[in-house]
Amino acid sequence: MRPLNAIAIAGLTLLSACQTVPPVTVPQTTVLQVPQVPQGPPPKPKIALVLGGGAARGFAHVGVIRALEQEKIPIDLVVGTSVGGLIGAIYAADVSSFDLEWTAFQLEKDDLFDFGVMNAVTGMGFAKGDKLEAWVKSHIKTTNIENLKIPFAAVATDLNWGYKVVLDHGSVARAIRASAAIPGVFQPVQHQGKILVDGGVVDNIPISVAKAKGADIVIAVDISGNLGNTSITNLLGVSLQATNIMFALNVEQSKKNADILIAPAGIGDIGMLDFTQKKRCMQAGIEATKQAMPTIRKVIQAWVTAHSQPAAPVR
């Protein structure tokens, strides 16, 4: 066979073989769904409970705390003024609404007010405040604020300079006495190098203190109530009513900064020294807190959603 013919035959053979090879099908690209890896439990906000002043109406705080505990709302910080500081410290010491109720309901007016004519004449108040401090010492076994089970702060007022004073360390009993030293009713308290009176003079609902201490969500309780009082008959009544007015006026501004504001209804007519309405105040606190629960849960969930990290894809 000639070389030329051999080449031609080989070429035809290769061409025939190529025509019999089936076409190659290229599969379509498939987008794989990458599984997500959970990032652990959702973040938890630091929730502060801020309890305002209002003397005997403070038993409403007990109801608020009981309802929050029943609804399993965690409290990470307690800040209080005056009676709010007293109730808050009792709770921060034991973290039990049952123990709080038991302790608070033992409290009577005579346990707090050591009235004396000479106190008013020669001193700077109708009552010295020794009884109040002694009662706190006998009912709160934790001596110093920094050792309480829940971080706590009481708010007082520097009488000389008008500054807000945050009491977050040292004697629990002395801090409560200073925070609750209603001007004209109790004598001012010397504590930590200052002369202190009731914190409600400058900040009856100290929301700003809770925020400064890192609270993400503030639940504030306002018991300043209604200002009307047509039964003022003596100097003590004048002092109490003037204090009530002062408390209510500074509350109007500070309460705007609360994430949730609880204002127990139906206790505005209770006198500041009327300790006969404990159950009524407590029930008002429970009912107001239950009404606020949808808002409380909504605010907490909104914070958790805003601070949750998206799940990371598997690599």
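Going by the structure above, here's the rest.
Just so it is clear, the model here is predicted, and its values are computed rather than measured.

Colleague: I tried to follow the layout of surface pockets on my own but got confused; where do I start?
Modeller: Over the atoms a probe the size of a water molecule is rolled, and this reveals where empty space is left. The space that makes up the second largest pocket amounts to roughly 290 Å³. If you go around the second largest pocket, you meet 14 residues; those closest to its centre are Lys44, Pro45, Pro74, Ile300 and Val304. Taken together, the residues of the lining of the second largest pocket break down into 8 nonpolar, 1 polar and 5 charged.

Colleague: So what exactly am I meant to see when it comes to empty space enclosed by the protein here?
Modeller: Taken as a whole, this structure holds 2 cavities of 30 Å³ or more when the rule is applied. By volume, the largest cavity is sized at about 190 Å³. Every residue lining the largest cavity is counted, 18 residues in all, and those nearest its centre are Ala55, Val83, Leu86, Leu112 and Phe275. Counting residues per element, the lining of the largest cavity draws most heavily on helix α3 (residues 83–94), which supplies 3 residues. For the lining of the largest cavity, the per-class residue count stands at 16 nonpolar, 2 polar and no charged. In terms of lining, the second largest cavity is formed by Leu49, Ile65, Leu68, Glu69, Ile73, Ile75 and Tyr91. Among the elements that make up the lining of the second largest cavity, the one with the highest residue count is helix α2 (residues 59–70) (3 residues). Partitioning the lining of the second largest cavity into residue classes produces 6 nonpolar, no polar and 1 charged.

Colleague: Please clarify how the packing of helix α7 (residues 130–139) against helix α8 (residues 172–179) should be interpreted in this entry.
Modeller: Each packed pair of helices is defined by two parameters, the angle between the axes and the distance between the axes. Across the interface, α7 lies against α8 with an axial gap of 8 Å and an inter-helix angle of 140 degrees. Compared by their axis directions, α7 and α8 come out oblique. Classified by chirality, the crossing of α8 by α7 is right-handed. Seen from α7, the contacting residues are Asp130, Leu132, Glu133, Val136 and Lys137; seen from α8, they are Val172, Ala173, Arg174, Ile176 and Arg177.

Colleague: Before we go on, may I ask you to explain the pattern of salt bridges in this structure?
Modeller: Pairs can form between side chains of opposite charge whenever their charged atoms are close. Under the criterion given, the structure shown has 14 salt bridges. With a closest N to O distance of 3.0 Å, Asp130 and Arg177 form a salt bridge. Here Arg177 lies in helix α8 and Asp130 lies in helix α7, a separation of 47 residues in the sequence. For Arg177, a relative accessible area of 11% translates into the label buried. Between Lys213 and Asp168 there is a salt bridge whose closest N-O contact spans 2.7 Å. One end of the pair, Lys213, is in the loop between α9 (207–212) and β10 (217–221); the other, Asp168, is in the loop between β6 (164–167) and α8, and 45 residues separate them in sequence. Among the charged side chains, a salt-bridge network with shared partners connects Lys128, Asp130, Glu133, Lys137, Arg174 and Arg177.

Colleague: Would you take a moment to explain the environment of Pro264 for this structure?
Modeller: Relative to the elements of secondary structure, Pro264 occurs in the loop between β11 (260–262) and α11 (278–307). Counting along the chain gives 19 residues from Pro264 to Gln283, while the straight-line C-alpha distance between them is 8.8 Å.

Colleague: Explanation requested: the nonpolar core in the structure shown.
Modeller: Side chains of nonpolar character tend, in soluble globular proteins, to be buried together. Leu68, Val136, Phe152, Ile219 and Ile296 are the most contacted members of the largest nonpolar core, which has 79 residues in total. Examining the composition of this core, we find that 11 residues originate from one element, α11, more than from any other. The residues contacting Phe152, other than those within four sequence positions of it, are Leu77, Val78, Gly85, Gly88, Ala89, Ala92, Ile145, Leu167, Asp168 and Ile176. Ala48, Ile205, Val209 and Val251 belong to the second largest nonpolar core, which has 15 residues in total.

Colleague: Help me out: how do you make sense of the pairing of β6 in this one?
Modeller: Taken residue by residue, a regular strand's side chains alternate between the two faces of the sheet. Burial along β6 is one-sided: the face carrying Val165 and Leu167 is buried and the face carrying Lys164 and Val166 is not. Summarising the sheet, strand β5 (residues 152–158) and β6 pair through 4 bridges and their orientation is antiparallel. Note on β6: the bridge partner recorded for Thr157 is Lys164.

Colleague: Honestly, unusual backbone geometry in this entry has me stumped. Any pointers?
Modeller: If a residue is not glycine, its phi is most likely negative; likewise, a peptide bond is most likely trans. Positive phi is not limited to glycine here, since Ala55 has a value of about 50 degrees. Here Ala55 lies in the loop between β2 (47–51) and α2. Although it is not a glycine, Ser82 sits at a positive phi angle of roughly 55 degrees. Judged by relative accessible area, which is 4%, Ser82 ranks as buried.

Colleague: How should the side chain of Arg57 be read in this particular structure?
Modeller: Among the secondary structure elements, Arg57 is positioned in the loop between β2 and α2. The side chain of Arg57 sits in the buried core without any salt bridge; Asp269 is the nearest counter-charge, 7.0 Å away. Engagement of the side chain of Arg57 in a polar contact is seen with the backbone oxygen of Ser224, the distance being 2.6 Å. A polar contact of 2.9 Å, which involves the side chain of Arg57, links it to the backbone oxygen of Gly268.

Rules and cut-offs
Residues numbered from 1 in each chain as written. Predicted model: local features only at pLDDT ≥ 70, side-chain atom pairs only at ≥ 80, totals over all residues. Heavy atoms only, no water. 1 Å grid on protein atoms, 1.4 Å probe; cavity = no way out; pocket = protein on both sides within 12 Å on 5 of 7 lines; lining within 4 Å. Points joined across faces, edges and corners; volume = space filled by probe spheres on them. Nonpolar A, V, L, I, M, F, W, Y, C, P; charged D, E, K, R; others polar. Helix = DSSP H or I, 4+ residues; strand = E, 2+ residues; numbered from the N terminus. Axes fitted to C-alpha atoms, helices over the stretch in contact; angles between N-to-C directions. Parallel < 35°, antiparallel > 145°, perpendicular 65-115°, else oblique. Left-handed = near helix turned anticlockwise from the far one by under 90°. Contact = heavy atoms within 4.5 Å. Salt bridge = Lys/Arg side-chain N within 4 Å of Asp/Glu carboxyl O. Buried < 20%, exposed > 50% of the residue type's maximum accessible area, 1.4 Å probe, protein only. Core = buried A, V, L, I, M, F, W, Y, C linked by side-chain atoms within 4.5 Å. Pairing = 2+ DSSP bridges. Lys, Arg positive; Asp, Glu negative; His and termini not counted. Polar contact = N/O pair within 3.5 Å; in protein donor to acceptor, adjacent residues only side chain to side chain.

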